[in-house]
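# Descriptive structure summary
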Amino acid sequence: MGKIQFTKMHGAGNDYIYVNTMLYDVPNPAAAAIAWSDRHKGIGSDGLVLIGRSPVSEADFTMRIFNADGSEAMMCGNASRCIGKYLYERGITDKQQIRLLTLSGIKVINLNLNGASVESVTVDMLSPELDDKNLYIPNRRLPRGTFVSMGNPHYVIFTDDVDQVDKTGPILENHPAFPQRCNIEFVAPLSSPEDDTIVPAGKSIEVPFGAFRVRVWERGSGVTQACGTGACATAVAAVLTGRAPRHSQIVMDGGTLNIEWRESDNHVYMTGPAAYVFDGEIELK
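Worth saying up front: this structure is predicted, and the values here are computed from it rather than measured. (Residues numbered from 1 in each chain as written. Predicted model: local features only at pLDDT ≥ 70, side-chain atom pairs only at ≥ 80, totals over all residues. Heavy atoms only, no water.)

## Quick word on the overall build of the protein
Just so we agree on the cut-off: The numbering of helices and of strands both runs from the N terminus, where a helix is a DSSP run of H or I of at least 4 residues and a strand a run of E of at least 2. Atoms counted for the radius of gyration: C-alpha only. Globule rule: 2.2 Å times residue count to the power 0.38. Partly exposed residues are those whose accessible area sits between 20% and 50% of the maximum for their type, while under 20% is buried and over 50% is exposed, using a 1.4 Å probe and protein chains only. Any two residues having at least one pair of non-hydrogen atoms within 4.5 Å are treated as being in contact. Per-residue and other accessible areas were derived by the Shrake-Rupley procedure at a 1.4 Å probe size, with only the shown protein chains allowed to occlude residues.
Assigned secondary structure in the protein consists of 4 helices and 20 strands. The C-alpha radius of gyration of the protein comes to 18 Å, within 12% of the 19 Å expected for a compact globule of 285 residues. Dimensions of the protein along its principal axes, counting C-alpha atoms only, are 60 × 45 × 35 Å. Counting across all 285 residues of the protein, residues that qualify as buried make up 53%. Look at the contacts in the protein between residues 6 or more apart in sequence, and 61% of them connect residues 24 or more apart. Total accessible area on the protein stands at roughly 12500 Å², and carbon and sulfur atoms take up 48% of it.

## What to know about empty space enclosed by the protein
The test is simple: Any residue with an atom within 4 Å of a point lines the site, the site being either a cavity, points on a 1 Å grid over the protein atoms alone where a 1.4 Å probe fits but cannot get out, or a pocket, an open set with protein on both sides within 12 Å along at least 5 of 7 lines. Grid points are joined across faces, edges and corners, and a volume is the space filled by probe spheres set on the points. Three categories are distinguished: nonpolar for Ala, Val, Leu, Ile, Met, Phe, Trp, Tyr, Cys and Pro, charged for Asp, Glu, Lys and Arg, and polar for the others, with Gly belonging to the last.
What the rule picks out here adds up to 1 cavity of 30 Å³ or more. What the largest cavity holds in volume is close to 90 Å³. Every residue along the wall of the largest cavity is listed here: Tyr-16, Asn-67, Ala-73, Met-75, Cys-76, Gly-77, Asn-152, Asn-183, Glu-218, Arg-219, Cys-227 and Thr-229. Split by residue class, the lining of the largest cavity holds 5 nonpolar, 5 polar and 2 charged.

## Here's the deal with the environment of Ser-54
Definition in use: Nitrogen and oxygen atoms within 3.5 Å of one another constitute a polar contact, given that in protein one can donate a hydrogen and the other can accept it, and given that sequence-neighbouring residues count only through two side-chain atoms.
Mapped onto the elements of the fold, Ser-54 is located in the loop between β3 (47-53) and β4 (61-67). Residue Ser-54 is classed as buried on the basis of its relative accessible area of 14%. Distance in space between the C-alpha atoms of Ser-54 and Asn-266 is 26 Å, their sequence separation being 212 residues. Excluding residues within four positions of it along the chain, Ser-54 makes contact with Ala-59, Asp-60, Phe-61, Thr-62 and Leu-101. For Ser-54, the side chain forms a polar contact with the main-chain oxygen of Val-56, separated by 2.9 Å. A polar atom in the side chain of Ser-54 sits 3.4 Å from the backbone oxygen of Ala-59.

In structure tokens:
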């Protein structure tokens, strides 16, 4: 079927394979995502991202995301930052503000430049949708969490043990309370973003910001180095539960994201890095 060019990028360690569908067609992206994401037999990634020209005038470009298991995601904050860097630095657009059409609506991406390079990207993630759920699994009651939708579903649990993500994450992703499955965040407060010391439960600290250590089980991908929408959901949950002001620094396995839940418009703004890994060519089968 021929070869196509791809670019592998990551945002805080959340790595995806990017294909410009304005140049190359991927007829079966779900199957491609499964094959190419394999870290032993493929390129290796958390999934596949397709970049396209927008069919509507309200947006400039489109983003489709397919998880490593082939399921299509509604939104990915880290991927949207990478797309902004890709589009600008590859000369596809000269706009410093890009409107990106996703399955969860149009997201506005603002590029923070250092000369001709995109140093970081700020994404308007729009307003969160909120609900509370208390979950049970056989023989064990889990800590109460906060359900936040950032265009995709998240369940945020504050705990001293963020490493339970490996064991408990897959159980909660597929819990009956989430008929469409769910992304799961395990969150512990930090003494500061630079100090990764987890604050014991019940001990209060006074800091001028919210600093949290977060590990994420992503729906369809498992444990990932970072999750942009998960960072946003965590920041919102921290505000709602009185653990943080409206600015937070979210420390994930692959890096730190800065989140602001702005009171003036109720939108969540995420700022973080985007980086190239390599370019390559792969044969469609």
